[in-house]
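What follows is each chain in one-letter form.
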Amino acid sequence: MNEFTHKTVLLNEAVELLDCRQGRLYIDATAGGGGHSIEIAKRIAPDGRLIMLDADPAAIQACSARLEEYKEIVTIIRSNYSRIPDILKDLNIDKIDGGILFDLGVSYYQLTSEERGFSFQQESRLDMRMDPDNPLTAYDIVNSWPEKELQRIFHELGEERYSRRIAGKIAEIRKIKKISTTKDLADLVLKTIPRGGQKIHPATRVFQGLRIAVNRELEIIEEILEKVVHLLAKNARIVVISFHSLEDRLVKNAFKSFSARCTCPPEKIVCECGPPILKVITKKPVTPSAGEVKENPPSRSAKLRAAEKIT
Ligand SMILES: C[S@@+](CC[C@H](N)C(=O)[O-])C[C@H]1O[C@@H](n2cnc3c(N)ncnc32)[C@H](O)[C@@H]1O
């Protein structure tokens, strides 16, 4: 198994915006290697509490080791973050009075691990599951989903302009043989679409679309943002780091709707939409400094948005 490595993105910015305070409860919903968690733990120890979640057992192992010295104040749970409301109920926690952080997407470990099949950089079986117990893999989608669905995934989730052509080629090839590995798929894409002078590998968008579909990333983040805002106590913060425009749009829209003033039509005498419940703290998304991008190029697409509960 590869060693767990991940360079934390927007570390200081995220932790500052979470406004970590002693005695309060924080959740790191995407603990990964514990890079953000350890800084949160330092600030809230000795009497704060940090709940760390990740769907990936390799991340749980890595962050447990890293946070060992803070074990008195840390609870680490392997779970999809979609289960946060149930987890809090099980722990008898009513409200999150500190804040919650989502650092979305994949860890560097997942992206580069041969066993996990996320990337065309190395040959491995098409997989792409954040949670290895998830029954659906990228292999299943590529080899058995209808051509139309493949096209939709590549178009909507990968923003790939040759989605139809690629889905058609997959449907043709898989009648003859299974498309089993990341290399099989990357080679197929390379042979199917014209090579413009792109900066990224031509299969990047197809892989992005598949990864989002396998892990249901957009549905899950949209649903949990809606729920978790109601679990924040007054003055608690929510900080979200996203890595592509589809995710960032969901975060931006969720924050916008929760922070909107009354939108009732003028003829309504009594407001039916209720007061705003969030105040957006980052008018524009925070992005990594030139120094961070130089040191950690994958950070270049990160966007951080933060908001505070006001009711
Ligand atoms: C970018 S990494 C987090 C890195 C971490 N902040 C650090 O600095 O070490 C994202 C992590 O979120 C996890 N993840 C993604 N979607 C998830 C979900 N729906 N539920 C739980 N964990 C998820 C992934 O397994 C991965 O470990």
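Below: a short report on this structure. Source: prediction; values computed, not measured.

About the criteria used
- Residues numbered from 1 in each chain as written.
- Predicted model: local features only at pLDDT ≥ 70, side-chain atom pairs only at ≥ 80, totals over all residues.
- Helix = DSSP H or I, 4+ residues; strand = E, 2+ residues; numbered from the N terminus.
- Rg over C-alpha atoms; globule rule 2.2 N^0.38 Å.
- Buried ≥ 20, exposed ≤ 12 C-beta atoms within 10 Å, placed from the backbone.
- Contact = placed C-beta atoms within 7 Å.
- Pairing = 2+ DSSP bridges.
- Axes fitted to C-alpha atoms, helices over the stretch in contact; angles between N-to-C directions.
- Near = placed C-beta within 6 Å.
- Nonpolar A, V, L, I, M, F, W, Y, C, P; charged D, E, K, R; others polar.

Now for the overall build of the chain. Secondary structure assignment for the chain yields 13 helices and seven strands. At 21 Å, the chain has a C-alpha radius of gyration in line with the 19 Å of a compact globule built from 311 residues. For the chain, the spread of C-alpha atoms along the principal axes amounts to about 60 × 60 × 40 Å. Expressed as a percentage of its 311 residues, the buried residues of the chain come to 43%. Taking all contacts inside the chain whose residues are at least 6 apart in sequence as the whole, residues at least 24 apart take part in 69%.

Turning our attention to the pairing of strand E4 (residues 99-103). Two faces make up the sheet, and in a regular strand the side chains alternate between them. Most of E4 is tucked away, with five of its five residues classed as buried. Burial of E4 is two-sided: the residues Gly99, Leu101 and Asp103 facing one way and the residues Ile100 and Phe102 facing the other way are all buried. The pairing of strand E1 (residues 25-28) with E4 spans three bridges and is classified as parallel. Across the sheet, the residue bridging to Tyr26 is Gly99, located in E4. Alignment of E4 against strand E5 (residues 237-242), held across five bridges, turns out to be parallel. By the bridge assignment for E5, Gly99 is matched with Arg237.

Glancing now at unusual backbone geometry. Look at the link from Ala45 to Pro46: it is a cis peptide, with omega at 5 degrees. Among the structural elements, Pro46 can be located in the loop between helix H2 (35-44) and strand E2 (49-54). For Asn92, which is not glycine, the phi torsion reads 60 degrees and is therefore positive. Its place among the elements puts Asn92 in the loop between helix H4 (84-90) and E4. With 6 C-beta atoms packed within 10 Å, Asn92 lands in the exposed category.

Spatially, the seven strands line up as an open sheet ordered E3-E2-E1-E4-E5-E7-E6, and their pairing is mixed. Either end of the sheet is taken by a strand with one partner, and the two such strands are strand E3 (74-78) and strand E6 (278-280). Between one strand axis and the next, the sheet turns by 15 degrees as a mean value, whatever way the strands run. Relative to E3, helix H3 (residues 57-66) is tilted by about 165 degrees, and along the sheet it contacts E2 and E3.

What follows is about the site of the ligand. Surveying the vicinity of the ligand reveals 21 residues, the closest of which are Thr8, Thr30, Gly32, Gly33 and Gly35. Every element with two or more residues in the shell around the ligand is listed here: H2 and E2. Residues of the shell around the ligand, tallied by class, amount to seven nonpolar, 11 polar and three charged.

The analysis is restricted to geometry; functional conclusions fall outside its scope.
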